[in-house]
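Architecture at a glance
What follows is the residue order along each chain.
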2 protein chains.
Amino acid sequence: MTIDAAFSELTTRVKRVHTLGLIGELLGWDEQVNLPPGGAEQRAAQHAALAEAQHEAASAARLGELLLELEQQDATLSADQRAVVVQVRRDFDRATKLPADFVREKAAQGSRGYHAWARAKAADNFAGYAPVLEKNLELAQCEATYLGRGAAPYDAMLDKFDPGLTAAAVEKLFTELKRDLVPLVRAITASPVAAQARAVNAKLRGFPVADQQAFLREVTAALGFDYTRGRIDVSLHPFCSGTGGDVRMTTRFNVDAPLDALFSSIHETGHGLYEQGLPVADLGTALGIHAGMAVHESQSRLWENQVARSRGFWRHFEPRWRALFPMQTEALSAEELYLAVNAVEPTLIRVDADEVTYNLHIVLRFELEKKLFAGELAVRDLPAAWRAASRELVGLEPATDREGVLQDVHWSDGAFGYFPSYCLGNMIAAQLWYRALALRPALEEDFARGDFSWLLGWLRTEVHSHGRKFSALELVRRVTGESLSPQPLVRYLRERYGAIYLR
Amino acid sequence: MTIDAAFSELTTRVKRVHTLGLIGELLGWDEQVNLPPGGAEQRAAQHAALAEAQHEAASAARLGELLLELEQQDATLSADQRAVVVQVRRDFDRATKLPADFVREKAAQGSRGYHAWARAKAADNFAGYAPVLEKNLELAQCEATYLGRGAAPYDAMLDKFDPGLTAAAVEKLFTELKRDLVPLVRAITASPVAAQARAVNAKLRGFPVADQQAFLREVTAALGFDYTRGRIDVSLHPFCSGTGGDVRMTTRFNVDAPLDALFSSIHETGHGLYEQGLPVADLGTALGIHAGMAVHESQSRLWENQVARSRGFWRHFEPRWRALFPMQTEALSAEELYLAVNAVEPTLIRVDADEVTYNLHIVLRFELEKKLFAGELAVRDLPAAWRAASRELVGLEPATDREGVLQDVHWSDGAFGYFPSYCLGNMIAAQLWYRALALRPALEEDFARGDFSWLLGWLRTEVHSHGRKFSALELVRRVTGESLSPQPLVRYLRERYGAIYLR
């Protein structure tokens, strides 16, 4: 068998696995957007049947043979072919090294864990949830062992979401970020302007959903989201799913918080632009899938924050917004609008946090996860450790575990190692942003004309087109010429928020 | 292995195959309702990947072993178990007796055939399409041979849609129907009332979509459609998909033809009520799937025609309809509305036909299909045969093939034998209707009070709850005490339409 024939058979098989995964994503999207309540049980059976079919395809012995054949001839592979083979090996090992019994147990425990978490959160009862979390930690350790990474289980978790990422690398970045960010947040929240921002936001009331919908559709289309290759719907929690020619975003509306739906849909648009920008012919291989959650998050955050909270963006969209909502906005000055868009207010809850304080919520979670995996922190001591860390980092101490350690769903089904991606995404976004500004200093002038095409074109070329050929850290170095660093993020937050709050 | 253990493993496997099929239905629903144009290619790949997974599950060797084991102990099976085993054997043979190459060829030919048909219809060019149709016929013959029914290939086609149905049985029913129906249609269309009905329908203009939507939702919910276990959306062609707790109907709106969306959604509601009424615990086995297309169609037609075109139905809904559309209906008398609801007008096009003439369109297609399979009619002679039959049966001769032999999609992908189900469904509906009236003579009084629960309850018990345990013909005999006959349909049409047109 020639290399090309083997490679071709390999990609056909891998694309089929990916295609089955996309069906699963569609089932998930439909569940959030369309499913009548009576369909829940059937949908669970559909997920299970599909997962079984996908696992069969992903662990087919033939795939292992093709991998061996191609790996033996590694030297003759092109760089692109090698990237594909490396990724297939990663996925194949994950599909075959974990025993079926273990996968079933982990899935069942994830489901039990989710319900136990929901109950514990409702009752503010951490003690009842602790055994579940202990079990989840134990299963994560097992999983790392099966994957041959028992010595560095937390690295194995991080690697699931961002290939190649290590706890040591994250710690270095986060320590530096924390050093600079904590005093900045203290200074901003002590500023009298912070109270003003709250007051302005409270004035935004009575924005009809239909007009909000029309506005955010105009905005997201102007940013470059292609509605012939995607759509936006309503769900309880905003998300983005799908890829290539069928990318589906969701948002949710509140007539008394019109900036929420707008910014959440711009956030999802960032994810969507990335998925729409992947090379269509290679969807499902490493050449046509995203580079990991950190890079994904960098795309959503760049559009949501650096772009859509800028003065240039609002110079263009403010008139249209006022025209759609004349009565609701007549008492609002342009400066007040800008303040509302960039309001900062420390909160106990991560998902409610502004972009300045958000990162500290992530640092907190990373530090606790790391200690849990190192055996330096016992699950039963988590609530106290959370309170202490929250006081130190966010400046607020939760009165209940519901507002503390029980607030997030992630750990309940064993998704350790996911949180850091959010903050790394913010760092990458800022670093990309300054690189873009260096290449095109008048970027905000583009925005003020409603032109986002240069930025999108640059991201298409520099980020989207590469798929998963490079890890997050490699990609940042390639695009910006420098290693990933928290300094661009700190600089960006100082520049934008310093100008507002620390005048 | 005990019988019960074997039976339990068999049902688990069969339900999984069914579940994968439901995912395919959802992909199809989503394609018609949501899919952005750019997603077409990915969706095709999803269908293909899923079909492959489903075929693997449906043809698993283990399923064959279980079947043999259970069939060897047939005498000890319960009646329900036997029904399940018979159905699994049927599906297993279909999945395993057709060689993979043949299935692939047929699928590819079906796709080519569809596009060839669409082109031929647009260009009114039957000659270009004839070779495709010849190939489809040849493949159908092959399929029958693989299934061991090469001697009766048309029966094998009918059996696909209605288990156990034969051409001889259909012919007997259709010959009798034709004899009585042709003169009835002639008399009705010669009536001066027919022109009046047309004129009234032409007056129904300017019904806003949102209000049409609200009205048909009220109506379909009142009939018994459970919107916690289903939904209704908009698509180009109305259809119903899904089963059990997740049944999805579609309709389409025309502001100048308000009865279209209403009756098409009541039609789909009939299908939906059937699917919602199947025994949920048995979904996917013969105890929890519909009894074939004729019975399915009987449910949609019964609600659409016998129920929703009745005076009782409109006594209840007319006030609400007028309240929603006061200006559009002020010049319309109650009698005119009833006439519009029951308008008869011969047309060349099957899908535009009223319920009286519709059946003749089906008889026409059945007679031609039968001759094609018997070798008594060559494909090249189809257009002329169609024109002659249309003149004889419908009383109209198409000037073009587009309005004649090229009007329907079914043959283009080899779906021979499907058409008869439509007319058999109408016969079954009428026969069930008179049985229901015999048991509850005041049925229309129920309707006039907005109460459809007795009828639905009766159908649930007599039809829905049996799944596929009985063939269409057996079911009719069980429920009505008589063999399936065209006479109830003829009687119903004479009574309802005679009273309007032949006074």
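Computed from a prediction, not measured in an experiment: that's the story for all the values here.

Each value, and the rule that gives it
- Residues numbered from 1 in each chain as written.
- Chains lettered and ligands numbered in written order.
- Predicted model: local features only at pLDDT ≥ 70, side-chain atom pairs only at ≥ 80, totals over all residues.
- Helix = DSSP H or I, 4+ residues; strand = E, 2+ residues; numbered from the N terminus.
- Rg over C-alpha atoms; globule rule 2.2 N^0.38 Å.
- Buried ≥ 20, exposed ≤ 12 C-beta atoms within 10 Å, placed from the backbone.
- Pairing = 2+ DSSP bridges.
- Axes fitted to C-alpha atoms, helices over the stretch in contact; angles between N-to-C directions.
- Contact = placed C-beta atoms within 7 Å.
- Nonpolar A, V, L, I, M, F, W, Y, C, P; charged D, E, K, R; others polar.
- Parallel < 35°, antiparallel > 145°, perpendicular 65-115°, else oblique.
- Least-squares fit on C-alpha atoms with pLDDT ≥ 70 in both.
- Expected span 1.5 Å × (residues − 1).
- pLDDT = per-residue confidence, 0-100.
- Left-handed = near helix turned anticlockwise from the far one by under 90°.

This next bit is on the overall build of chain A. Secondary structure summary: chain A contains 22 helices and three strands in total. Relative to the compact-globule value of 23 Å for 503 residues, chain A shows a C-alpha radius of gyration of 23 Å, a close match. Expressed along its principal axes, the backbone C-alpha trace of chain A runs to roughly 70 × 50 × 50 Å. Here chain A holds 503 residues, and 43% of them are scored as buried.

Attention now goes to the sheet that holds strand β1 (residues 230–234) of chain B. Residue and element names in this part refer to chain B. In spatial order, the strands read β1-β3-β2; together these three strands make up an open sheet with mixed pairing. Each having just a single partner strand, β1 and β2 (240–243) make up the two edges of the open sheet. Strand-to-strand twist in this sheet, taken as the mean axis angle between neighbours without regard to direction, amounts to 15°. Strand direction decides the pairing type here: β2 and strand β3 (residues 246–251), joined by four bridges, are antiparallel. Residue pairing in the sheet places Ser-241 in a bridge with Arg-248 of β3.

Listed as interface residues are 29 residues of chain B and, on the opposing side, 29 residues of chain A. Within the residue set of the side of chain B that touches chain A, elements represented by two or more residues are α1 (3–33), α2 (40–58) and β1 of chain B. Top contributing element to the side of chain B that touches chain A by residue count: α1 of chain B, with eight residues. Of the residues assigned to the side of chain B that touches chain A, the class counts are 13 nonpolar, ten polar and six charged.

What follows concerns the packing of helix α18 (residues 419–439) of chain B against helix α22 (residues 487–501) of chain B. Helix-helix packing is characterised by the crossing angle of the two axes and by the distance between the axes. Residue and element names in this part refer to chain B. Where α18 contacts α22, the axes come no closer than 7 Å and their chain directions differ by 75°. Our classification of the angle between α18 and α22 gives roughly perpendicular. Of α22, the residues touching α18 (which contributes Asn-426, Met-427, Ala-430, Gln-431, Trp-433 and Tyr-434) are Pro-488, Leu-489 and Tyr-492. Classifying every residue of the contact of α18 with α22 by side-chain character gives seven nonpolar, two polar and no charged.

A few words on the relation of the copies chain B and chain A. In the superposition of chain B on chain A (RMSD 0.0 Å, axial shift 0.1 Å), the rotation amounts to 180°. Those values place the two copies in the arrangement expected of a two-fold rotation axis. In terms of C-alpha distance to the rotation axis, chain B has Ala-53 of chain B as its closest residue, with the C-alpha 3.1 Å off the axis. Interface overlap between copies is the fraction of interface residues in one copy that are interface residues in the other; for chain B against chain A it reaches 100%, indicating a shared surface.

Another point: the sheet that holds strand β2 (residues 240–243) of chain A. Residue and element names in this part refer to chain A. In spatial order, the strands read β1-β3-β2; together these three strands make up an open sheet with mixed pairing. A strand with exactly one partner marks an edge of an open sheet, and here the two such strands are β1 (230–234) and β2. Across the sheet, the mean angle separating the axes of adjacent strands is 15° when strand polarity is ignored. Alignment of β1 against strand β3 (residues 246–251), held across five bridges, turns out to be parallel. Considered in β3, the bridge of Gly-230 is made with Val-247.

All names here are of chain A. Topologically, Leu-455 is positioned in helix α20 (residues 453–462). The class for Leu-455 is buried, based on 23 C-beta atoms found within 10 Å. With sequence-adjacent residues up to four places away left out, Leu-455 is seen in contact with Ala-436 and Leu-443.

In terms of burial, β3 of chain A is a largely internal element, six of the six residues being buried. Remark: two residues form the turn of the hairpin made by β2 of chain A and β3 of chain A, two consecutive strands paired antiparallel; Gly-244 of chain A in that turn has positive phi of roughly 60°.

All names here are of chain A. Taking 1.5 Å per residue, 15 residues should reach 21 Å; helix α22 (residues 487–501) reaches 20 Å between its end C-alpha atoms and fits that length. All of the buried residues in α22 are Pro-488, Leu-489, Tyr-492, Leu-493, Tyr-497, Ile-500 and Tyr-501. Among the structural elements, α8 (167–190), α9 (192–203), α12 (293–307), α15 (334–341) and α18 (419–439) are those in contact with the buried residues of α22.

The residue Asp-124 of chain A is not glycine, and still its phi comes out positive at about 50°. Judged by the 13 C-beta atoms lying within 10 Å of it, Asp-124 of chain A is partly exposed.

Turning our eyes to something else, we now look at the confidence of the model for chain A. Averaged over all residues, the pLDDT of chain A equals 96, while 100% of them reach at least 70. Here the complex is predicted with pTM 0.94, and the ipTM for its interfaces comes to 0.93.

So, about the environment of Ser-59 of chain B. All names here are of chain B. Note that Ser-59 resides in the loop between α2 and α3 (61–72). Residue classification places Ser-59 among the partly exposed residues on the basis of 19 C-beta atoms within 10 Å. In sequence terms Ser-59 and Met-293 are 234 residues apart; their C-alpha atoms lie 24 Å from each other. The contact partners of Ser-59, leaving out residues within four places of it in the chain, are Ala-95 and Thr-96.

Our next topic: the packing of helix α8 (residues 167–190) of chain B against helix α16 (residues 358–374) of chain B. All names here are of chain B. Following both chains from N to C, one finds α8 and α16 inclined at 140°, their axes separated by 10 Å at the closest point. Regarding the angle of α8 to α16, the classification is oblique. The two elements α8 and α16 meet at a crossing, and its hand is left-handed. Residues Ala-167, Val-170, Phe-174, Leu-177, Lys-178, Leu-181 and Val-185 of α8 lie in contact with α16, whose contacting residues are Asn-359, Leu-360, Val-363, Phe-366 and Lys-370. Grouping the constituent residues of the contact of α8 with α16 by class yields nine nonpolar, one polar and two charged.

What follows is about the environment of Phe-225 of chain A. Looking at the secondary structure, you find Phe-225 of chain A in the loop between α10 (209–223) and β1. The spacing of Phe-225 of chain A and Leu-273 of chain A is 48 residues in sequence and 5.8 Å in space, taken between C-alpha atoms.

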